[in-house]
Amino acid sequence: MGPDKTQLPPVVGTPDPQRPGPGPEVGDTSLSEAVATLRKRRWIWILAVVLGAGYGWYKAFTQPKVFVASSTIQVHSGASNAYRVDTSGGYEDDSQTKMNTEVFILKSDTLLETVARQKDLTNHPDFWGAKGPVHLSLDDPQVRESALNQLKGSLQVSLVPHTELIQISYASLSAKLS
């Protein structure tokens, strides 16, 4: 057996040989030292708070107003059942498929183009975000594509789960267009 090595506690102020880095007195800070450091940098804190509040105020008052119109509609088969010839054709009435079809129709290019034509949206300056009068034709393919993309981007159509309800909302910078 060999000689027993006993470990003595390290002397205060000397670094621990098993721990690399500075001694314990360098890392020790008290609460009073932290408060004193914060007091020294008081003007930096005040400046940061004032700048943050000023930026928040600026963003709040320069934010554009967005108008949102929304509605919830109920879809039921109603009058369409009167024209059904044979209901025993082996097809069950799948209401979820019917509801998804209604949502697809509401988002369709054909319906959106009809709305754009009836409301004359291509000549409405608020629709394009223009300041002056706009004279565009929906018959131009590029104008039609741009108008449909604008409508699709602002329109949200969603199903209300486990119901026959569809929620439709449209967001615009103009209250008239919403």
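For the structure itself, consult the block above.
Here goes a summary of the coordinates provided. (Residues numbered from 1 in each chain as written. Predicted model: local features only at pLDDT ≥ 70, side-chain atom pairs only at ≥ 80, totals over all residues. Heavy atoms only, no water.)

## Let's talk about unusual backbone geometry
The phi angle of most residues is negative, glycine excepted, and most peptide bonds adopt the trans form. Let me state the cut-off plainly: Helix and strand labels come from DSSP, where a helix needs a run of H or I of at least four residues and a strand needs a run of E of at least two; each type is numbered from the N terminus.
At Asp-120, a residue that is not glycine, the phi angle is positive and equals roughly 50°. One can find Asp-120 in the loop between α5 (109–118) and α6 (125–128). Phi is positive for His-162, close to 60°, though the residue is something other than glycine.

## A word on the nonpolar core
Put simply, the test is: We define the nonpolar core as a collection of buried residues of types Ala, Val, Leu, Ile, Met, Phe, Trp, Tyr and Cys that are connected through side-chain atoms lying within 4.5 Å of one another. For every residue, the accessible area obtained with a 1.4 Å probe (protein chains only) is divided by the maximum for its type, and the residue is called buried under 20%, exposed over 50%, and partly exposed between those limits. In this description, contact between two residues means that some pair of their heavy atoms is separated by no more than 4.5 Å.
Leu-121, Phe-127, Leu-151 and Ile-166 are the most contacted members of the largest nonpolar core, which totals 16 residues. Secondary-structure elements contributing two or more residues to this core are α4 (95–106), α5, α7 (141–154), β2 (155–159) and β3 (165–172). Among the elements that make up this core, the one with the highest residue count is α7 (3 residues). For Ile-166, the residues in contact, after removing those within four places along its chain, are Ser-71, Thr-72, Ile-73, Val-75, Met-99, Glu-102, Val-103, Leu-106, Val-157, Ser-158 and Leu-159.

## Quick word on the pattern of salt bridges
This is how it is decided: For salt bridges, the criterion is a side-chain nitrogen of Lys or Arg within 4 Å of an Asp or Glu carboxyl oxygen.
If you walk through the whole model with that rule in mind, you get 4 salt bridges. Arg-144 is paired through a salt bridge with Glu-113; the nearest N and O atoms lie 3.7 Å apart. Here Arg-144, found in helix α7, pairs with Glu-113, found in helix α5; they are 31 residues apart in sequence, far enough to count as distant. Among the charged side chains, a salt-bridge network with shared partners connects Glu-113, Arg-117, Asp-139 and Arg-144.

## A few points about a nonpolar patch on the surface
Short version of the rule: Nonpolar side chains (Val, Leu, Ile, Met, Phe, Trp, Tyr) are joined into patches within 5 Å and like charges within 9 Å, using only residues with over 30% relative accessible area and no salt bridge. Accessible surface area values rest on a Shrake-Rupley calculation with a 1.4 Å probe, where residue burial reflects the displayed protein chains alone.
Residues Tyr-55, Trp-57, Tyr-58 and Phe-61 make up a contiguous nonpolar surface patch of about 570 Å² in total accessible area. Summarising the element assignment, Tyr-58 is placed in helix α3 (residues 42–62). Tyr-58 gets classed as partly exposed once you look at its relative accessible area, which sits at 47%.

## Observations concerning the pairing of β2
Basically, it comes down to this: The rule for pairing is simple: two strands pair if DSSP sees at least two bridges between them.
In the sheet, β2 pairs with β3 via 5 bridges, with the strands oriented antiparallel. Residue pairing in the sheet places Leu-155 in a bridge with Tyr-170 of β3. The hairpin formed by β2 and β3 contains 5 residues between the paired strands, and His-162 there has a positive phi angle of roughly 60°.

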